[in-house]
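# Topology and contacts: notes
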Amino acid sequence: GAVVSQHPSWVICKSGTSVKIECRSLDFQATTMFWYRQFPKQSLMLMATSNEGSKATYEQGVEKDKFLINHASLTLSTLTVTSAHPEDSSFYICSASTDEAFFGQGTRLTVV
Amino acid sequence: GQSLEQPSEVTAVEGAIVQINCTYQTSGFYGLSWYQQHDGGAPTFLSYNALDGLEETGRFSSFLSRSDSYGYLLLQELQMKDSASYFCALLAGSARQLTFGSGTQLTVLP
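Computed from a predicted structure; not experimentally measured.

Definitions and limits used
- Residues numbered from 1 in each chain as written.
- Chains lettered and ligands numbered in written order.
- Predicted model: local features only at pLDDT ≥ 70, side-chain atom pairs only at ≥ 80, totals over all residues.
- Heavy atoms only, no water.
- Helix = DSSP H or I, 4+ residues; strand = E, 2+ residues; numbered from the N terminus.
- Rg over C-alpha atoms; globule rule 2.2 N^0.38 Å.
- Buried < 20%, exposed > 50% of the residue type's maximum accessible area, 1.4 Å probe, protein only.
- Contact = heavy atoms within 4.5 Å.
- Polar contact = N/O pair within 3.5 Å; in protein donor to acceptor, adjacent residues only side chain to side chain.
- Buried area = accessible area lost by both parts, 1.4 Å probe.
- Salt bridge = Lys/Arg side-chain N within 4 Å of Asp/Glu carboxyl O.
- Pairing = 2+ DSSP bridges.

Right, let's talk about the overall build of chain A for a bit. Counting its secondary structure elements, chain A contains zero helices and eleven strands. Mapped from its N terminus to its C terminus, chain A presents α and β elements in the order β-β-β-β-β-β-β-β-β-β-β. The C-alpha atoms of chain A give 13 Å as radius of gyration, which agrees with the globular expectation for 112 residues (13 Å, within 12%). C-alpha atoms of chain A, sized along the principal axes, occupy 35 × 25 × 20 Å. Counting over 112 residues, chain A shows a buried share of 49%. Within chain A, contacts between residues separated by at least 24 positions form 51% of all contacts whose residues are at least 6 apart in sequence.

Below you can see the structure in the form of structure tokens.
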């Protein structure tokens, strides 16, 4: 099946710094990728839809200036958490779809 | 918008059969998917139903009734490794995005 690679798998950063998470589709081209956030013991919540060559579409309540999404090519989307705070600590997961959604490995972000 | 409901917890013993139900509401519909997630890991795809009926993949089967806005995941011959969270997810919307249910924590007892 298709492979989506996400990097890094975990990161610890200081409050106020920015963190970039990469999501790559390794064996197919993804015009659309999705970014989710998951808090412990909770479901995956869609944050934004990343469209190649255009602006991302953010879900209600997600700050677009805080969570910067760039989809510069058909195989790469990035999520940058700017000025991170402890409440941004979460599990971030990207996905790309053909007939099914393929997920990256996820990134566990801890802001200290 | 979309919403899904599924039980929060299910417990069963090894070798048993368990069914996890999912009801949904949506204004647009492409299909209903099921994902498994172990603690600390990413979701992995189990099954997808776009049409009514049963889809079987090994020990796992999934059923969909679009008229009832209802589906279920059936796990047979349960094994300890099946202990995980199971999410139903709606594929809907102009961007074909997934909306996840709240998840069902399955515990398999020896």
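That shown, we press on.
Residues and elements named next belong to chain A. Here Ser77 shows up in strand 8 (residues 76-81). Only 3.0 Å separates the side chain of Ser77 from the side chain of Ser50, close enough to count as a polar contact. Sequence-distant contacts of Ser77, that is, excluding residues within four places in its chain, are made with Ile21, Glu22, Cys23, Met33, Trp35, Ser50, Ile69, Asn70 and His71.

This next bit is on the interface of chain A and chain B. Listed per partner, the contact involves 19 residues of chain A and 17 residues of chain B. Between chain A and chain B, the buried area comes to about 1,300 Å², and carbon and sulfur atoms account for 57% of it. The three residues of chain A that bury the most area against chain B are A:Ser43, A:Leu44 and A:Phe103, which together make up 29% of that side's buried surface. Summed over the shared surface of chain A and chain B, the number is zero salt bridges.

Under the definition given, this model contains four salt bridges over all chains. Of the charged contacts in the structure, one is a salt bridge between A:Glu22 and A:Arg24, with a shortest N-O distance of 3.5 Å. Ionic pairing is found between B:Arg59 and B:Asp82, a salt bridge with its closest N-O pair at 2.8 Å. With a gap of 23 residues between them, B:Arg59 in the loop between strand 6 (53-57) and strand 7 (60-65) and B:Asp82 in the loop between strand 8 (70-75) and strand 9 (84-92) connect regions that are remote in the sequence.

Attention shifts here to the pairing of strand 9 (residues 90-97) of chain A. Residue and element names in this part refer to chain A. A large share of strand 9 lies buried, amounting to seven of its eight residues. Sheet analysis places strand 4 (residues 32-38) next to strand 9, joined by six bridges and oriented antiparallel. Looking at strand 9, one finds that Tyr36 is bridged to Ile93. For strand 9 and strand 11 (residues 107-111), the ladder comprises three bridges, and the chain directions are antiparallel. From the neighbouring strand, Phe91 faces strand 11, where its bridge partner is Arg108. Alignment of strand 9 against strand 10 (residues 101-103), held across three bridges, turns out to be antiparallel. Residue Ala96 lies in a different strand from strand 10, and its bridge partner there is Phe102.

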